[in-house]
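# Structural description and commentary
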Amino acid sequence: PTGSLYLHCDPTASHYLKILLDAVFGLKNFRSEIIWRRSSAHNKLSRQYGPIHDTILFYSRCDNLVFHPGYTPYSKRYIATMFKKRDERGHYRMNELTGQGTRTGDSGKPWLGYDPTPRGRHWAIPASLREYLPDNGRGMSPQQMLDVLNENGWIARSDDGRPTYKQYPGAGVPYQDVWSYQSGTEGTLECTEDGIDADVKWLDSEDERLGYPTQKPVGLLERIVRTSSNEGDVVLDPFCGCGTTVHAAQKLNRRWIGIDITHLAIALIERRLKDAFPGIAYQVNGVPKDAAGARDLADRDKHEFQKWIVATIGGQPYKGGKKGMDRGIDGYLHFRDAEKKPQFAIISVKGGATKSGDIRDLKGTMERESAAIGIFLTLNSPTREMEKEAASAGLYETGGQKIPRIQIFTAEQVIASSVRVY
């Protein structure tokens, strides 16, 4: 009941999905249409404006939702223009302690020689000041509250003698529905050297890119998870792709569930979580757990078996796992040798019958691609002739180490995590 849904889809379908969401959740539970700037400018375009934003639809189950958005810092220019005075607490401006209209109770009575009634006003202590009063001012008259505030330096007289209070800038502007990183704004915000909306900046760092076409920056999902959940809550991403949502949820101490249809995505998420959170414990359901499971996957879908086993050893499927001519390459494994030089291995996968000719083909592909190592992944145990053919490829030498240039691993070895390529 306290949950929220954030849905992203591209412009070809998001408007249709909004109609469905209105039907499921009701119009009153539509909260926001968030515009997120996902890239920098596009120059090479014709007959359209540069598509640099995505739309995220935000719905709740009911009014009792978890919602505590963060803040975007004020600009230094805004602070300098609107908060010109300064004391030991920082920049401030003077603001009213009275509201329009007269009152006959205590709020209409004078305080320190100032009577608001002849001026058609009454005392109205703002909520932002009440937190500095005992028990938030409960049981206190306006005059008693003003006494406490005055003693603690919150009250100052205006030029005409009217009591006003010192208003200091808050944490910033609560999140609005446009999340747009602004390049070139670094150093223009108060209390930070970051640019505007730097936490949701588009992916431009190779360190964060995982080669997944729809990958989002962790900061974007952190903003969503932090706003609409509490520590210990459950975050579900039923189309989790490369796992950015579960990464953000783990980082923010939420429980999480991620679901995806491809074994490539699941293996990528596992590697991502292990790299980011060493020692993390989790369960993976629906992937091969033993040799029989690997054989079942290969029998059902050889292409998915190929992507699963390549990703499980830390490789990248050829052309992202798309079907088509593979030129004898099912995947790549990039690594640094003992001398820290970047190298790569060619991966070949066989989910059915194998023969020594398969190893000769891999050897030829390695020579054509100038690969340091060849990895042959197979569902079945290799024959003696295959092992002889692999041994004939010789050794790869680095830093005094001698490593077989062609290495053969079975699915059972891969599942047991007993694969060590270099």
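Read on for a plain summary of the structure.

Cut-offs used in this document
- Every chain's residues receive numbers from 1 upward, in the order its sequence appears when written.
- Confidence filtering applies because this is a predicted model: local features only for residues at pLDDT of at least 70, side-chain atom pairs given and counted only at 80 or more, and all residues used for totals across whole chains, interfaces and linings.
- Side-chain descriptors were evaluated using all non-hydrogen atoms of the structure, hydrogens and water having been removed beforehand.
- Runs of E in the DSSP output that reach at least two residues are strands. Runs of H or I that reach at least four are helices, and both are numbered from the N terminus.
- Throughout, the radius of gyration refers to the C-alpha atoms, and the reference size of a globule is 2.2 Å times the residue count to the power 0.38.
- For every residue, the accessible area obtained with a 1.4 Å probe (protein chains only) is divided by the maximum for its type, and the residue is called buried under 20%, exposed over 50%, and partly exposed between those limits.
- Any two residues whose heavy atoms approach within 4.5 Å are treated as being in contact.
- Charge assignment in this entry is limited to Lys and Arg as positive and Asp and Glu as negative, and neither His nor the chain termini are counted.
- The atoms used to mark charge sites are NZ of Lys, CZ of Arg, CG of Asp and CD of Glu.
- Angles run from 0 to 180 degrees between N-to-C directions of axes, and those axes are lines fitted to C-alpha atoms, restricted for helices to the stretch in contact.
- Relative orientations are named as follows: roughly parallel for angles under 35 degrees, roughly antiparallel for angles over 145 degrees, roughly perpendicular for angles from 65 to 115 degrees, and oblique for any other angle.
- Should the near helix be turned anticlockwise from the far one by less than a right angle, the crossing is left-handed, and should it be turned clockwise, the crossing is right-handed.
- Note on residue classes: Ala, Val, Leu, Ile, Met, Phe, Trp, Tyr, Cys and Pro are nonpolar, Asp, Glu, Lys and Arg are charged, and everything else, Gly too, is polar.
- Side-chain atoms alone can form a polar contact between residues adjacent in sequence; in general such a contact is a pair of N or O atoms within 3.5 Å, and within protein one must be able to donate a hydrogen while the other accepts it.
- To count toward a patch, a residue needs a relative accessible area above 30% and no salt bridge. Like charges then connect within 9 Å, nonpolar side chains (Val, Leu, Ile, Met, Phe, Trp, Tyr) within 5 Å.
- Residue exposure ignores everything except the shown protein chains as possible cover, and the areas themselves are Shrake-Rupley values with a 1.4 Å probe.
- By definition, a salt bridge exists where a carboxyl oxygen of Asp or Glu is found within 4 Å of a side-chain nitrogen of Lys or Arg.
- Put simply, a nonpolar core is a bunch of buried Ala, Val, Leu, Ile, Met, Phe, Trp, Tyr and Cys residues held in one set by side-chain atoms that sit within 4.5 Å of each other.

This part is about the overall build of the chain. Scanning the chain from terminus to terminus reveals 12 helices and 21 strands. The globule rule puts the C-alpha radius of gyration for 422 residues at 22 Å, and the 31 Å found for the chain is more than 25% above it. Dimensions of the chain along its principal axes, counting C-alpha atoms only, are 105 × 50 × 50 Å. Burial analysis of the chain (422 residues in total) assigns 41% to the buried set. Counting only contacts in the chain whose residues sit at least 6 apart along the sequence, the fraction spanning at least 24 positions is 57%. Charge-centre separation for the chain: the mean point of 57 positive side chains lies 2 Å from the mean point of 52 negative side chains.

The contact between helix α6 (residues 244-251) and helix α7 (residues 263-276) brings their axes to 10 Å, and the two run at 25°. By the criterion of interaxial angle, the relationship of α6 to α7 is roughly parallel. For the pair α6 and α7, the sense of crossing is right-handed. Of the residues in α7, those touching α6 at Thr244, Val246 and His247 are Ile269, Arg272, Leu273 and Ala276. Residues that form the contact of α6 with α7 fall into these classes: four nonpolar, two polar and one charged.

What follows is about the side chain of Thr227. Tracing the backbone shows Thr227 in helix α5 (residues 218-228). One polar contact links the side chain of Thr227 to the main-chain carbonyl oxygen of Arg223, over a distance of 2.7 Å. The residues touching Thr227, leaving out its near neighbours within four places in the chain, are Tyr6, Val66, Phe67, His68, Pro69, Gly70 and Tyr175.

Next up on the list: α5. Taken across its 11 residues, α5 has 10 buried, putting it largely inside the fold. Turning to α5, its buried residues number three or more, namely Val218, Gly219, Leu220, Leu221, Glu222, Arg223, Ile224, Val225, Thr227 and Ser228.

A contiguous nonpolar patch, built from Val234, Leu236, Ile257 and Ile259 and spanning about 350 Å² of accessible area, is present on the exposed surface. Mapped onto the secondary structure, Leu236 falls in strand β13 (residues 234-237).

So, on to the nonpolar core. In this structure, Phe305, Ile309, Ile347, Val349, Ile373, Ile375 and Leu377 are the most contacted members of the largest nonpolar core, which totals 23 residues. Breaking this core down by element, the ones donating at least two residues are α8 (291-300), α9 (302-312), β16 (331-336), β17 (342-350), β18 (373-378) and α12 (411-415). Among the elements that take part in this core, α9 stands out by supplying four residues, more than any other. Judged by nonpolar contacts, the second largest core, of 16 residues, contains Tyr114, Trp123, Leu146 and Tyr168.

Below, the discussion takes up unusual backbone geometry. Apart from glycine, the bulk of residues carry a negative phi angle, and the bulk of peptide bonds sit in the trans form. Look at Asn136: it is not a glycine, yet its phi comes out positive at around 55°. Checked against the element boundaries, Asn136 lands in the loop between α3 (127-130) and α4 (142-151). Backbone geometry at Cys191 places phi at a positive 65°, although glycine is not the residue there. Position of Cys191 among the secondary structure elements: in the loop between β12 (178-179) and α5. You can call Cys191 exposed: its relative accessible area is 77%.

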